[in-house]
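Below are the chains, spelled out letter by letter.
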Amino acid sequence: QVQLVESGGGLVQAGGSLRLSCAASGRTFSRHGMGWFRQAPGKEREFVAAIRQSGSIRFYADSVKGRFTISRDNAKNTVYLQMNSLEPEDTAVYYCAACAGVISGSADRYDYWGQGTQVTVSS
């Protein structure tokens, strides 16, 4: 059983940066791939970024490539999402998720979810 808690969200002006953290409990964190998803009002949940267990493989949604960076520290049981050059379109609740298998951009592939952290980008 893996429990995930997101933090680091807040209000930021367009062009600014935020660093989200997702702290995981459980002793199998290093065996899980991790992903970030987001959901804006009136929109469906969408994939943002994912990282393999080792951290050596990462991929991103086209909308955030070059602006966001996903990373993990297995010793700290934590995954991060560094968000730069934020845009109002990035406003959403951001969720982290854990996958016991191969990471993907599909939410169905993930087994555990955090409760989300709000990111608001003002124009």
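Here goes a summary of the coordinates provided. (Residues numbered from 1 in each chain as written. Predicted model: local features only at pLDDT ≥ 70, side-chain atom pairs only at ≥ 80, totals over all residues. Heavy atoms only, no water.)

Applying the stated rule across the entire model yields four salt bridges. A salt bridge links Glu46 to Arg38; the nearest nitrogen and oxygen atoms lie 2.7 Å apart. Measuring nitrogen to oxygen at the nearest pair gives 3.1 Å for the salt bridge that ties Asp62 to Lys65. In this structure Asp62 comes out as exposed when scored by relative accessible area, which is 64%. (Salt bridge = Lys/Arg side-chain N within 4 Å of Asp/Glu carboxyl O. Buried < 20%, exposed > 50% of the residue type's maximum accessible area, 1.4 Å probe, protein only.)

Right, let's get into the nonpolar core. Among the nonpolar cores identified, the biggest contains 36 residues, and Trp36, Leu81, Met83 and Tyr94 are the most heavily contacted of them. Put simply, the parts of the chain that give this core at least two residues each are β3 (18-25), β4 (33-39), β5 (46-51), β7 (68-73), β8 (78-83), β9 (92-99) and β11 (117-122). Looking at this core element by element, the count peaks at six residues for β9. For Tyr94, the residues in contact, after removing those within four places along its chain, are Glu6, Leu20, Trp36, Phe37, Arg38, Val48, Phe68, Leu81, Met83, Gly116, Thr117 and Val119. (Core = buried A, V, L, I, M, F, W, Y, C linked by side-chain atoms within 4.5 Å. Helix = DSSP H or I, 4+ residues; strand = E, 2+ residues; numbered from the N terminus. Contact = heavy atoms within 4.5 Å.)

Further remarks concern the packing of aromatic side chains. Inspection of every chain in the model, using the stated rule, returns five aromatic pairs. Summarising the aromatic geometry, the rings of Phe37 and Trp113 are spaced 5.0 Å apart at their centres and angled 55° between planes, so their arrangement reads as tilted. Here the residue Phe37 occupies a position in strand β4, and Trp113 occupies one in strand β10 (residues 112-113), the gap between them amounting to 76 residues. Phe37 gets classed as buried once you look at its relative accessible area, which sits at 1%. Residue classification places Trp113 among the partly exposed positions, given a relative accessible area of 29%. Ring pairs connect the aromatic residues Phe37, Phe47, Phe59, Tyr110 and Trp113, which therefore count as one cluster. Sitting over the ring of Tyr95, Arg45 keeps its end group 3.9 Å from the ring centre. Just above the ring of Phe29 sits the side chain of Arg72; from NZ or CZ to the centre is 4.4 Å. (Phe/Tyr/Trp six-rings, centres within 6.5 Å; stacked < 30°, edge-to-face > 60°. Lys NZ or Arg CZ within 6 Å of the ring centre and 35° of its normal.)

Before going further, it helps to spend a moment on the state of the cysteines. In this structure the tally under the stated criterion is one disulfide. With its sulfur 1.9 Å from that of its partner, Cys22 forms a disulfide with Cys96. One quick way to see it: the torsion about the S-S bond of Cys22 and Cys96 is about 50°, and its sign makes the bridge right-handed. One end of the pair, Cys22, is in strand β3; the other, Cys96, is in strand β9, and 74 residues separate them in sequence. Each of the two residues, Cys22 as well as Cys96, counts as buried. (Disulfide = S-S within 2.5 Å.)

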